[in-house]
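Take a look at the letters that make up each chain.
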Amino acid sequence: MARRDYYAVLGVARNASPDEVKTAFRALAMRWHPDRNPGDAQAEVRFREIAEAWDVLGDPEHRGRYDRLGSLYTHDGKPPRPEELNEMFLDALGGLFGRKKAGDRGEDLRYTLQLTLEEAASGTERTVGIQRNLVCRECSGSGDAAEGRVPCEPCSGTGRSSTRRFLRNDCAHCAGKGYRPVARCGRCGGEGRRGSEEQLRIKVPAGVATGQKLKLRGKGNDGPGVLGGLQGPPGDLLVVVDVEEHALFRRRGNDLLCEVPIRFVDAAIGAEITVPTLDGTTRIRVPPGTQSGKSFRLPGRGLPSPDGAARGDLHARVLVEVPAMLSPEAMVALEEFSRKAGETAHPRRSAWLDALRERGQ
C-alpha cells in the first residue's frame, strides 16, 4: 500500500505535467544518490523513496490508479492485505478521536569509547562529540518551506476526508495537513532533520570490559516525522567499550595476570621482589628454590566487578631469567658454584637422568 504521498516525496503538484515530474525526479535522484553520499544511511533511504515515487508517478497507468485510490493504491494491483486494512482502520479511528499517528523511531547510534585499563578499573567520565540527526528548527520537522504551501484541493484545506461520513479520517492527499507543499525546507532539504554534533557526557562504571555496551536512552537520532502526525521517538546511543592493551597486565575476567622476570640468584636463594599493581607497586617474598613459571596470588588486587561482586585477584607469574652475557670471572664463579652445589641442588634433573639410565641410554 502507498503509505506516503508520492507527490510530496518529489515536491511536485498533483497536476504537474509528466515533464515536471521527470525533472523533479532527476534533480532529487542526483542529489541523494548513494554514490554521491557514501556511508550516509539517510541518503540511501531518501533515494529509495524517490525511486519508489518515480516508479509510480512516472508511469501514466500507475499514476492514474494512484490518483484514484490514494492510500489504497498497491503497485501490483492486488487488494490490501488484512493487516494493512486494519492499520488504515486504526489510523481512521485515531483521526476520529483526535489522535495523530507518530512517526518511526529514530535510528540508534554507536560510538566506540577507548579506555586505558586503569580507567576501566576505576571508572571514569568522558565528554564526547556525537553526530546526531536532530529535528530541523526551521520547519519543525515537517520538511516543508513555510512560504511554499498551498491549500489542498481535494479536502479544500480542511485536512479531512469526506468520502466516508462516519469515519472522517485524514485526507489521503495531504495526510491531514490541509496544505500541499510545493517547496522543501531550504535548511534541511526537506528531510525534517539536520545533522548536528552534540557534546554528551558518558559515565563509565568501574570494571567495564571490552565489548560491553553502555546505553544512553534517547541520545540517538531524532525520529522522522510523518505527514500530519507526531515526531517519532528518538533512538538510543550505544557506547561500545574498547579497553586498550596494557604493557604489564593481561585481563582474565576480573583477575589480572602479570609476568615478573627475576634473577637466577633471587630464585635460588630467595628474595623480596617488586610486583606492579593498578595503583602502584607492592613487594612480595619469593622463597628459595622458586621455579620459573611459579604464580603468586595477591587477593583483591585485580579489577572490581560491575555487578558489585568480589574484586578480582592479581596473579604474578615469575620468570627466572638465565644470564645472557657473563664475564670470564662470572663464568668461573658459576662453574665453582655448580661443583659445590652438586646434583642434589637439581632434583628434577637428577630424576630425569635416572629415568634415562633405566632405559639404557
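Residues numbered from 1 in each chain as written. Predicted model: local features only at pLDDT ≥ 70, side-chain atom pairs only at ≥ 80, totals over all residues. Heavy atoms only, no water.

Enquirer: For this particular structure, what's the right way to read the sheet that holds strand β6 (residues 213-216)?
Expert: Strand pairing in a sheet relies on backbone hydrogen bonds, with the paired strands running either antiparallel or parallel. Strand order in the open sheet formed by three strands is β1-β7-β6, and the pairing between neighbours is mixed. Only two strands of the sheet have a single partner each, and these edge strands are β1 (109-115) and β6. Taking the axes of each pair of neighbouring strands and ignoring which way they run, one obtains an average angle of 25 degrees across the sheet. As paired strands, β1 and strand β7 (residues 237-243) are joined by seven bridges and run parallel to one another. Within β7, the position partnered with Leu109 by the bridge is Leu237. (Pairing = 2+ DSSP bridges. Helix = DSSP H or I, 4+ residues; strand = E, 2+ residues; numbered from the N terminus. Axes fitted to C-alpha atoms, helices over the stretch in contact; angles between N-to-C directions.)

Enquirer: Whenever I open this one, the pairing of β6 confuses me. Can you help?
Expert: If a strand is regular, its side chains alternate between the two faces of the sheet. Going residue by residue along β6, you find Leu214 and Leu216 tucked away on one face and Lys213 and Lys215 left uncovered on the opposite face. Here β6 runs beside β7; their pairing, made up of four bridges, is antiparallel. Residue Leu216 lies in a different strand from β7, and its bridge partner there is Leu237. (Buried < 20%, exposed > 50% of the residue type's maximum accessible area, 1.4 Å probe, protein only.)

Enquirer: Please clarify how the nonpolar core should be interpreted in this entry.
Expert: Side chains that are nonpolar tend, in soluble globular proteins, to be buried together. Membership of the largest hydrophobic core comes to 35 residues, with the highest contact counts inside it found for Ile202, Ile273 and Val275. The contacts of Ile273, once residues within four sequence positions are left out, are Val260, Ile262, Thr282, Arg283, Ile284, Val286 and Val318. (Core = buried A, V, L, I, M, F, W, Y, C linked by side-chain atoms within 4.5 Å. Contact = heavy atoms within 4.5 Å.)

Enquirer: Can you walk me through the side chain of Asp266 in this structure?
Expert: Mapped onto the fold, Asp266 is located in helix α7 (residues 264-269). For Asp266, a relative accessible area of 13% corresponds to the buried category. At a separation of 3.0 Å, a polar atom in the side chain of Asp266 contacts the side chain of Arg263. (Polar contact = N/O pair within 3.5 Å; in protein donor to acceptor, adjacent residues only side chain to side chain.)

Enquirer: What exactly am I supposed to notice about the confidence of the model for the chain here?
Expert: Interpretation of the predicted coordinates at a detailed level should be avoided for regions scoring low in pLDDT. On average, residues of the chain score 82 in pLDDT, and 82% of them are at 70 or above. Per-residue pLDDT, averaged within each element of the chain, yields its smallest value for helix α5 (residues 82-96) (53) and its largest for strand β12 (residues 295-298) (96). Taken together, the stretch residues 94-100 has pLDDT below 50 and engages in 11 contacts with residues farther than four places along the chain or on a different chain. (pLDDT = per-residue confidence, 0-100.)

Enquirer: Got a minute to help me understand the sheet that holds strand β9 (residues 255-263) in this structure?
Expert: Overall, mixed pairing links the four strands, which are arranged β8-β9-β13-β12 in an open sheet. With one partner strand each, in any of the chains shown, β8 (249-252) and β12 form the two edges of the open sheet. For this sheet, the mean angle separating the axes of adjacent strands, direction not counted, is 30 degrees.

Enquirer: What is the right way to read the layout of surface pockets from this model?
Expert: Vacant regions in the atomic arrangement are exposed by a probe of water-molecule size rolled over the atoms. Within this model, the second largest pocket holds a volume of roughly 610 Å³. Phe264, Ala268, Gln291, Ala345 and His346 are the residues nearest the centre of the second largest pocket, which is lined by 19 residues in total. Looking at the lining of the second largest pocket, the elements with two or more residues in it are α7, α8 (328-341) and α9 (347-358). No other element matches the four residues that α8 contributes to the lining of the second largest pocket. Partitioned by chemical class, the residues of the lining of the second largest pocket number 11 nonpolar, six polar and two charged. (1 Å grid on protein atoms, 1.4 Å probe; cavity = no way out; pocket = protein on both sides within 12 Å on 5 of 7 lines; lining within 4 Å. Points joined across faces, edges and corners; volume = space filled by probe spheres on them. Nonpolar A, V, L, I, M, F, W, Y, C, P; charged D, E, K, R; others polar.)

Enquirer: What is the right way to look at the packing of aromatic side chains in this model?
Expert: Ring pairs (aromatic) are described by centroid distance and by the angle formed between their planes. Evaluation of the coordinates by the stated rule reveals four aromatic pairs. Consider the rings of Tyr6 and Tyr66, whose centres lie 5.0 Å apart with planes at 35 degrees: the pair is tilted. Remark: Tyr66 occurs in helix α4 (residues 60-69) and Tyr6 occurs in helix α1 (residues 6-10); sequence separation between them is 60 residues. Classification of Tyr6 as buried rests on a relative accessible area of 5%. Taking the relative accessible area as the measure of exposure, Tyr66 reaches 4% and is therefore buried. Seen in terms of ring centroids, Phe264 and Phe337 are 6.2 Å apart; in terms of plane orientation they differ by 85 degrees. Their pairing is edge-to-face. In this pair, Phe264 is assigned in helix α7 and Phe337 in helix α8, connecting sequence segments 73 residues apart. Overall, the relative accessible area of 35% leaves Phe264 in the partly exposed class. Among the aromatic side chains, those forming a connected cluster through ring pairs are Tyr6, Tyr7 and Tyr66. Sitting over the face of the ring of Phe296, Lys294 holds its NZ or CZ atom 5.9 Å from the ring centroid. (Phe/Tyr/Trp six-rings, centres within 6.5 Å; stacked < 30°, edge-to-face > 60°. Lys NZ or Arg CZ within 6 Å of the ring centre and 35° of its normal.)

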